[in-house]
Amino acid sequence: MADTSTIVGQTMLIKGNLEGDEDLTVQGRIEGSINLTKTLIIEPNGVVKADVSVANAVVSGVMVGNLTASDSLEITESGRMVGDIRAPRVIIVEGASVRGKVDMGDLEMPRPASDRKPVYTPKPMARPSAPSKPKPTVKTPEKKTASPPPKAKKAAPPPKAAKKKKKVVVKKKRR
Amino acid sequence: MANVIGSSIVIDGEITGDEDLVVQGTVKGRIALKQSLFVENSGVVEADIETQNVEISGSVTGNIHASDKVELRSDGKMVGDIKAPRILIADGATFKGNVDMDR
């Protein structure tokens, strides 16, 4: 396998279809279409007015046309691209100039809100009715005498009692 | 500064330039250069060529119009007309066509 790399020099102009199995460096001008299985490198002086289908592309010059890269596309600081991009990996460096559509294929987008599972909603807290406030003063002596393990109190879980448990605890702490 | 068209490259169209061009791949169409064209062993050119010099070690089918010299090397093959002031055909080369050295 010849690992040669093709260079199209600054004064060269190629009009037509170009295809190959190796890297191509463009310092001149290519018009038409380019089909490579490897990398297209457009140098700062290079101008490509063609539909390009490659594995990788690095654009540092001017590219006008649609570019499909099966692996990655990089547009560097001096790169100017007008046309549609289709590549799974796209790197656009600060300073680059791009106009066109970018299609990176099927993406895993975060699920929209309507599809998400419902957020946990805690059971509604039982609110003691207004007169509950005086009750703790009445009941606390009962509980003191009982002094059974708090677990017993939990065993009888009327919501009001639950609320009152809290109050009881506070009082115990005060002690 | 030489431009190289690699061995796996196929170009169907026109090539023009002001520099030397080395063809190791396939070119179909037209080549017009202001300097030299080198068609290497793996090179296949099916095009009309207009350059200053041509050196053929591969296969060329088409007419050549050179302003200086055409050299057909021992592994070169050419089918087409040659119009150039200087022509060199090495032993072993294959050539079929007209030769015009009109100066």
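In this report, the structure presented in the accompanying data block is examined.

What counts, and at which threshold
- Residues numbered from 1 in each chain as written.
- Chains lettered and ligands numbered in written order.
- Predicted model: local features only at pLDDT ≥ 70, side-chain atom pairs only at ≥ 80, totals over all residues.
- Pairing = 2+ DSSP bridges.
- Helix = DSSP H or I, 4+ residues; strand = E, 2+ residues; numbered from the N terminus.
- Contact = placed C-beta atoms within 7 Å.
- Nonpolar A, V, L, I, M, F, W, Y, C, P; charged D, E, K, R; others polar.
- Buried ≥ 20, exposed ≤ 12 C-beta atoms within 10 Å, placed from the backbone.

Some points on the pairing of strand 2 (residues 13-20) of chain A
Every other side chain in a regular strand lies on the same face of the sheet, so the side chains alternate between the two faces. In this sheet, strand 4 (residues 29-36) of chain A lies alongside strand 2 of chain A in parallel orientation, the contact comprising 8 bridges. Bridge pairing in strand 4 of chain A places Leu18(A) opposite Ile34(A). Pairing analysis gives 7 bridges linking strand 2 of chain A to strand 2 (residues 10-17) of chain B, with the strands arranged antiparallel. Residue pairing for strand 2 of chain B: Ile14(A) is matched across the bridge by Ile15(B).

Considerations on the interface of chain B and chain A
Taken together, the contacts link 21 residues of chain B with 21 residues of chain A. Here the element with the most residues in the side of chain B that touches chain A is strand 2 of chain B; it accounts for 8 residues. Tallied by class, the residues present in the side of chain B that touches chain A amount to 7 nonpolar, 10 polar and 4 charged.

Things to note about the environment of Ile64(B)
Residues and elements named next belong to chain B. Within the element layout of this structure, Ile64 appears in strand 8 (residues 64-72). Given 25 C-beta atoms within a 10 Å radius, Ile64 is considered buried. Counting along the chain gives 15 residues from Ile64 to Val79, while the straight-line C-alpha distance between them is 9.9 Å. With near-sequence residues (within four places) excluded, Ile64 lies in contact with Ile49, Val54, Val70, Gly80, Ile82, Lys83 and Ala84.

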